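Observations on the model geometry
Spelled out from the first residue to the last, the chains are:
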Amino acid sequence: MSGRAGGAAPGAAAAGGREHAAGAQPPRVGVLALQGDFERHGASLEALGVEVVRVALPRDLEGLAALVMPGGESTTMLRLMAANGLRAPLEAFVRERPVLGTCAGVILLGAEADGLPAPPLGALDVSVTRNAYGRQIDSFNAPLDCPVVGGSFPGVFIRAPRIVRVGPAVEVVARRPEGGAAPNEPVGVRSGRVVGLCFHPELTTDLRFHRWFLTEVAGLTLPSDAAIPLREAAA
Ligand code: GLN
C-alpha cells in the first residue's frame, strides 16, 4: 500500500503510481485510514492489482477512482473525520464516486443510525442499528446468499450493525438466509455507485466482493494479471 498521495497531481504517475506490466496505470483506489481495519482492505485491493492510497486528509481523495470505508468504530471515525476536515470532502465524494463501506462503513454511509456523535453521510437510503447482535463476544460467521458474486459467500460479522430499513431505490445484494431477525434479512445493499455491507469480506481470502465492486459497480478495468490469490499470511 502506498502512503498518502501527499499533494501530488490527481492521477499522476508521480503520485506513487507504478507502471503496470501492460503499460497502463492501475486504478488508484482509496481506503479511509482514520481508524479500523483499513490494512486488510488494502491487501484485498492490492491482490486485485489496483494502487491503494490511504485516505486521512482531504488531499488524499484527489484522483481516486473509488473509495473503501472500512470496519472499525463509526463514532471514532466520525469524530476524526471532523477533526481532519474530511467531512465535507467525503460528503462530496460519496455523492459522485464509487464507495464501498463495510460494517462501520455501512453505518457511515447510511441515512440514520443510533448513538452517533454526528449524522452519517446519507449516501445509502437505509436505517441501521449499531451493535445489533451484541458485543464483541457475540461476533459470528454465517453463510450468505449473494447472487451478485455468484451465490454463497462467507459472512464474517464483528459487532455488526443490522439494516432495519431499506429504501425503495436500494438493491439488496447480500442476505442471511437463516439466523437473523427474519429469514433472508438484508446484510448488504447497493444504491448506484454506493455499496454497504454489514460483514467483512476483507477478513476472508475471497476477493469476489472487492472484484465485483471495482469492476461492476465502479466500472474499473483491472490489470489483466489480477487477481493474485491473497497470501496465506493475510488469511
Ligand atoms: N460496532 C461498530 C460501530 O458501531 C462497527 C463494528 C465493525 O466495524 N466491525 O461502529
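Residues numbered from 1 in each chain as written. Predicted model: local features only at pLDDT ≥ 70, side-chain atom pairs only at ≥ 80, totals over all residues.

**Concerning the overall build of the protein**
We count it as follows: A run of H or I in DSSP counts as a helix once it spans at least four residues, and a run of E counts as a strand once it spans at least two, with each numbered from the N terminus. Exposure classes come from backbone-placed C-beta atoms, where a residue is buried if 20 or more other C-beta atoms lie within 10 Å of its own, exposed if 12 or fewer do, and partly exposed in between. Throughout, a residue-residue contact means that the two C-beta atoms, derived from backbone geometry, are no farther apart than 7 Å.
Helix and strand counts for the protein stand at five helices and 12 strands. A burial count over the protein gives 43% of its 235 residues as buried. A sequence separation of at least 24 residues applies to 65% of the contacts in the protein between residues at least 6 apart.

**Some words on the nonpolar core**
Selection criterion: Take the buried Ala, Val, Leu, Ile, Met, Phe, Trp, Tyr and Cys residues, join any whose C-beta atoms are within 7 Å, and the set you get is a nonpolar core.
Leu32, Leu67, Val99, Leu109 and Cys198 are the most contacted members of the largest nonpolar core, which has 64 residues in total. Considering each element in turn, this core owes the most residues, five residues, to helix 4 (residues 104-109). Val99 has contacts with Ala66, Leu67, Met69, Val94, Leu109, Ala123, Arg193 and Val194, leaving out every residue within four places of it along the chain.

**Brief notes about the site of the ligand**
Cut-off, in case you're wondering: All residues are tested the same way: a C-beta atom is placed from the backbone, and lying within 6 Å of a molecule or strand makes the residue near it. Residues were grouped as follows: Ala, Val, Leu, Ile, Met, Phe, Trp, Tyr, Cys and Pro as nonpolar; Asp, Glu, Lys and Arg as charged; and all remaining residues, including Gly, as polar.
Close to the ligand lie Gly71, Gly72, Glu73, Ser74, Cys103, Ala104, Ile107, Arg130, Asn131, Ile158 and Arg159, which account for all nearby residues. Across the shell around the ligand, the residue classes break down as four nonpolar, four polar and three charged.

**Considering helix 3 (residues 87-96)**
An α-helix turns once per 3.6 residues; consequently, residues spaced three or four apart project the same way. To be explicit about the condition: The directions from the helix axis to the C-beta atoms are what the arc is built from.
By the burial criterion, the buried members of helix 3 are Leu90, Phe93 and Val94. Each buried residue of helix 3 sits inside an arc of 90° when the element is viewed along its axis, so together they form one side. Exposed side chains of helix 3 directed beyond 90 degrees from the buried face belong to Ala88, Ala92 and Glu96. Buried residues belonging to helix 3 abut strand 3 (66-69), helix 2 (74-83), strand 4 (99-102), helix 4 and strand 12 (194-197).

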